[in-house]
Each structure stands twice: as structure tokens, then as C-alpha cells.
Amino acid sequence: MINVMIVDDRPLFREYLRTKFDWEKYGFSICSEAKNGVEALERAKESPPDVLLTDINMPLMNGLELSETLIQEYPDMGVVLITAHSEFEYAKKALEIGVCNYIVKPFEKEELILTLLKLKDNINKSNEESIQRKGKEKDLLELLIQ
């Protein structure tokens with residue numbers, strides 16, 4: 001399962017994301033939720049998600065700051081901004097820090113599902129490459145030991 005964290009200051013939107021999608025059907029699991037970036041950082045330390053779904057405008061720490069911090073700490077994490085703000089500066093900053101996608105509210109359910117499935121494929125490919133790399137390193141180490 002791919003672990004997903006939902007971060008939004010509006011409880012109704014967090015509930016919508018949590019309940020309106022059949023997460024398990026697509027191979028995802030909601031591992032945590034947070035109402036702002038500070039709370040999200042704490043939860044990510046407890047259980048780092050594979051995917052972060054976050055709003056931009058939130059109290060204490062906005063979604064861009066959160067995304068930048070988490071991407072630095074967990075470079076393989078996929079980040080999707082889901083926001084009502086379609087301003088160019090936000091989108092530009094999102095690209096600069098490595099956000100995977102920028103979805104503007106309101107959005108079609110299928111748009112988010114397609115985004116998540118692409119992220120899942122990327123995460124699975126990255127995991128497979130990591131396993132292959134570790135296998136090659138192990139083989140090389142065994143050769144060196146012999």
C-alpha cells in the first residue's frame with residue numbers, strides 16, 4: 001500500500017478526501033491527517049507518507065513551505081497541491097520545489113485518481129530500482145569479500 005497524508009485546514013475537505021475515494025481499491029491507505037503544516041511535520045516524523053496531499057493557504061505553515069521541507073527530508077515523497085488558488089506564482093514555486101502536481105479546486109474526482117495512479121507507478125518503479133541497486137551492491141560486496 002502507498003501511504004497518503006492529507007493536510008488541509010478545513011475539516012470538511014479532509015473528510016471529503018478521506019471518505020469519497022475508495023483508497024484501498026487503488027492501492028492507497030490514509031496514514032495520517034493534519035490541519036496545518038506544523039502538525040503535518042510532526043506526523044510525518046512519526047510515520048513518513050509516500051504521498052502528501054496538501055492545501056497551500058493554511059495557518060502556521062503553508063503548504064508550499066511544508067512541501068519544500070518534506071521533499072528535502074524525504075526526496076522520494078510525491079507531493080500534490082490541491083488548492084483553490086490558481087495563481088501563477090504558486091504554481092511556479094511548486095515546480096521549483098519539486099511538487100508532482102497542482103490541482104485546482106473544484107476538481108474532478110478522476111483528475112485526482114489519475115494523478116495518484118501516476119505517482120503510484122513512479123513510487124513502485126523507484127522502489128524496484130532501489131531493490132535492484134541494493135542487490136547489485138550486495139553482489140559486488142560478496143565479490144570483493146571473496
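Residues numbered from 1 in each chain as written. Predicted model: local features only at pLDDT ≥ 70, side-chain atom pairs only at ≥ 80, totals over all residues. Heavy atoms only, no water.

A. Molecular detail of the overall build of the protein. From N to C terminus, the protein includes 5 helices and 5 strands. Counting from the amino terminus, helix and strand elements in the protein follow one another as β-α-β-α-β-α-β-α-β-α. Of all 146 residues assigned to the protein, the portion counted as buried reaches 39%. Counting only carbon and sulfur atoms, one obtains 51% of the accessible surface of the protein, whose full area is about 8800 Å². (Helix = DSSP H or I, 4+ residues; strand = E, 2+ residues; numbered from the N terminus. Buried < 20%, exposed > 50% of the residue type's maximum accessible area, 1.4 Å probe, protein only. Areas by Shrake-Rupley, 256 points an atom, 1.4 Å probe, with all protein chains shown as cover.)

B. How the structure looks around the packing of aromatic side chains. Under the definition given, this model contains 5 aromatic pairs. If you follow K109 out to its NZ or CZ, it ends over the ring of F21, 5.6 Å from the centre. (Phe/Tyr/Trp six-rings, centres within 6.5 Å; stacked < 30°, edge-to-face > 60°. Lys NZ or Arg CZ within 6 Å of the ring centre and 35° of its normal.)

C. Structural detail: unusual backbone geometry. Here the residue pair K105 and P106 is connected by a cis peptide bond, since its omega of -10 degrees sits within 30 degrees of zero. Of note, the phi angle at L60 is positive, near 70 degrees, even though the residue is not glycine. Along the chain, the position of L60 falls in the loop between β3 (51–54) and α3 (63–73). The exposure class assigned to L60 is exposed, which follows from its relative accessible area of 70%.

D. Up close: the pairing of strand β2 (residues 28–34). Bridge analysis of strand β1 (residues 2–7) against β2 gives 6 bridges, and the strand direction is parallel. Of the residues in β2, the one forming a bridge with V7 is A34. You can see the chain leave β1, run along helix α1 (residues 11–19) and come back into β2, and the turn it takes is right-handed. (Pairing = 2+ DSSP bridges. Right-handed = clockwise from strand over helix to strand, strands pointing away.)

E. Expanded view of the side chain of D55. Inspection of the secondary structure assignment puts D55 in the loop between β3 and α3. Summary of buried charges: D55 has no salt-bridge partner, and the nearest side chain of opposite charge, K105, is 4.1 Å away. Here the side chain of D55 touches T83 through a polar contact of 3.4 Å, side chain to side chain. Leave out the neighbours within four places in its chain, and D55 touches V7, D8, D9, G63, L81, I82, T83 and K105. (Lys, Arg positive; Asp, Glu negative; His and termini not counted. Salt bridge = Lys/Arg side-chain N within 4 Å of Asp/Glu carboxyl O. Polar contact = N/O pair within 3.5 Å; in protein donor to acceptor, adjacent residues only side chain to side chain. Contact = heavy atoms within 4.5 Å.)

F. Highlighting the nonpolar core. Of all hydrophobic cores here, the largest spans 21 residues; its most connected members are V7, L52, L66, L70 and L81. Of all elements in the fold, only β1, α2 (37–46), α3, β4 (78–83) and α4 (88–97) reach the threshold of two or more residues within this core. Look past the residues within four positions of L66 in its chain and what remains in contact with it is V7, G37, A40, L41, L52, T54 and M61. With 19 residues, the next largest nonpolar core counts F13, L17, I103 and L116 among its residues. (Core = buried A, V, L, I, M, F, W, Y, C linked by side-chain atoms within 4.5 Å.)

Just distances and angles here, no functional claims.
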